[in-house]
Amino acid sequence: MAISIFRHSLSPPQNLLFSTNSQKFSSISVRNRNRFLRCASTDSAPPTRQEMSLSVGMYLIPHPNKVEKGGEDAFFVSSDNGEVIAVADGVSGWAEKNVDPALFSRELVANVSSLVENAEVNYDPRILIKGAHASTSSIGSATVMVSIFKNGILKIASVGDCGLRVIRKGQMIFSTFPLEHYFDCPYQLSSEAVTQTYLDAIVSTVDLQVGDTIIMGTDGLFDNIFDQEIVSVVTTHDDVSHAVVWYQC
């Protein structure tokens, strides 16, 4: 399970953590696996308009049976104020073919990180997924979600059952939903010729406000914790890093 929490705040932007390893990680103020973001405005913006930045906390918690190899998830948070966040969940069925499911998800996320500055992306998370998938050579498949934050707007593209929630003033105002062929068989990007592509991604856009909290993660979070529990934890922790630590307990 990968968690990231983001929150807009008035604090200056901070560097964030990137990892394609599925051990447990934590960053300055955001956790991975399930991601929580809090929004903030910076003081350096022109007087006519305030720019918002993200305070981020992240954590990754492998399944108990997969701890030794570090799990099968991967995540990325850009160092540019958390502008680009990606999470991918390797499909464990590949283990039956003696293929490590983590290889595909880790390479996919690594490719997302390398394409962030590509001009063709143009703040479009679906195009970022397209490029990352095309550059991934590992055998396997993964569900994936990529979000891009710019000028107060969060753009989201998702293939599969990773999830994202937005909480504002103690209320959940936005929620993604899984895209599945049938129960427990989500859409996924794959190394196989017949697969879903970036064109199958669900695309969403959310206008964020200062103080909003964004939770983004793999299905391991949302399959095990009800939305009302997430709201309760987020609203009782002012620091997103403290909220993420709660989820590892």
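Quick note: structure is the one above.
Residues numbered from 1 in each chain as written. Predicted model: local features only at pLDDT ≥ 70, side-chain atom pairs only at ≥ 80, totals over all residues. Heavy atoms only, no water.

(A) Inspection of the overall build of the protein at higher detail. A count of helical and extended segments in the protein gives five helices and 14 strands. Evaluated residue by residue, the protein yields a buried proportion of 56% over its 249 residues. Look at the contacts in the protein between residues 6 or more apart in sequence, and 75% of them connect residues 24 or more apart. Carbon and sulfur atoms make up 50% of the accessible area of the protein, which amounts to about 11100 Å² in all. (Helix = DSSP H or I, 4+ residues; strand = E, 2+ residues; numbered from the N terminus. Buried < 20%, exposed > 50% of the residue type's maximum accessible area, 1.4 Å probe, protein only. Contact = heavy atoms within 4.5 Å. Areas by Shrake-Rupley, 256 points an atom, 1.4 Å probe, with all protein chains shown as cover.)

(B) Spotlight on the environment of methionine 216. Mapped onto the fold, methionine 216 is located in strand E14 (residues 213–217). You can call methionine 216 buried: its relative accessible area is 0%. Taking the C-alpha atoms as reference points, methionine 216 and leucine 164, 52 residues apart in sequence, are found 4.2 Å from one another.

(C) Region of the structure containing helix H4 (residues 227–235). All of the buried residues along H4 are Ile230, Val231, Val233 and Val234. Down the axis of H4, the buried set is contained in an arc of 165°. They therefore lie on one face. (Arc of directions from axis to C-beta.)

(D) A look at the pattern of salt bridges. In total, this model carries four salt bridges according to the counting rule given. Of the charged contacts, one joins arginine 165 and aspartate 227 as a salt bridge, the two residues approaching to 3.1 Å between their closest N and O atoms. Within this pair, whereas arginine 165 is found in strand E8 (residues 163–168), its partner aspartate 227 is found in helix H4, the two being separated by 62 residues in sequence. Classification of arginine 165 as buried rests on a relative accessible area of 9%. In this structure aspartate 227 comes out as partly exposed when scored by relative accessible area, which is 27%. (Salt bridge = Lys/Arg side-chain N within 4 Å of Asp/Glu carboxyl O.)

(E) Seen up close, the packing of helix H1 (residues 101–115) against helix H2 (residues 125–135). At their nearest, the axes of H1 and H2 sit 8 Å apart, and the two run at 125° to each other. Between H1 and H2, the interaxial angle falls into the category oblique. The chirality of how H1 crosses H2 is right-handed. Facing Phe104, Glu107, Leu108, Asn111, Val112 and Leu115 of H1, the residues of H2 in contact are Leu128, Gly131, Ala132, His133 and Ser135. The class makeup of the residues in the contact of H1 with H2 is six nonpolar, four polar and one charged. (Axes fitted to C-alpha atoms, helices over the stretch in contact; angles between N-to-C directions. Parallel < 35°, antiparallel > 145°, perpendicular 65-115°, else oblique. Left-handed = near helix turned anticlockwise from the far one by under 90°. Nonpolar A, V, L, I, M, F, W, Y, C, P; charged D, E, K, R; others polar.)

(F) View of the packing of aromatic side chains. Taken as a whole, this structure holds zero aromatic pairs when the rule is applied. Across from the ring centre of tryptophan 94, 4.8 Å away, lies the NZ or CZ of lysine 97, which sits over that ring. Positioned above the aromatic ring of phenylalanine 222 is the side chain of arginine 165, whose terminal nitrogen or guanidinium carbon lies 4.2 Å from the ring centre. (Phe/Tyr/Trp six-rings, centres within 6.5 Å; stacked < 30°, edge-to-face > 60°. Lys NZ or Arg CZ within 6 Å of the ring centre and 35° of its normal.)

(G) Representation of H2. Of all the residues in H2, the buried ones are Pro125, Leu128, Ile129, Ala132 and His133. Seen end-on, H2 carries its buried residues on one side only, within an arc spanning 130°. Looking at the buried side of H2, the elements it contacts are strand E5 (84–90), H1, strand E6 (141–150), strand E7 (153–159) and strand E12 (189–190). The N-capping residue of H2, defined by a side-chain oxygen 2.9 Å from the backbone nitrogen of arginine 126, is aspartate 124. (Polar contact = N/O pair within 3.5 Å; in protein donor to acceptor, adjacent residues only side chain to side chain.)

(H) Expanded view of the side chain of serine 138. Considering the arrangement of structural elements, one finds serine 138 in the loop between H2 and E6. Within the local environment of serine 138, its side chain forms a polar contact with the side chain of glutamate 107, the two groups lying 2.4 Å apart. Apart from residues no more than four positions distant in its own chain, serine 138 is found in contact with Leu103, Phe104, Glu107 and Ser191.

(I) Inspection of the environment of arginine 165 at higher detail. Taking the C-alpha atoms as reference points, arginine 165 and serine 175, 10 residues apart in sequence, are found 4.6 Å from one another. Setting aside its immediate chain neighbours within four residues, arginine 165 contacts Met172, Phe174, Ser175, Thr176, Thr213, Ile214, Ile215, Phe222 and Asp227. Here serine 175 takes part through its side chain, which lies 3.3 Å from a polar atom of the side chain of arginine 165. Reaching out from arginine 165, the side chain makes a polar contact with the side chain of aspartate 227 at a distance of 3.1 Å.

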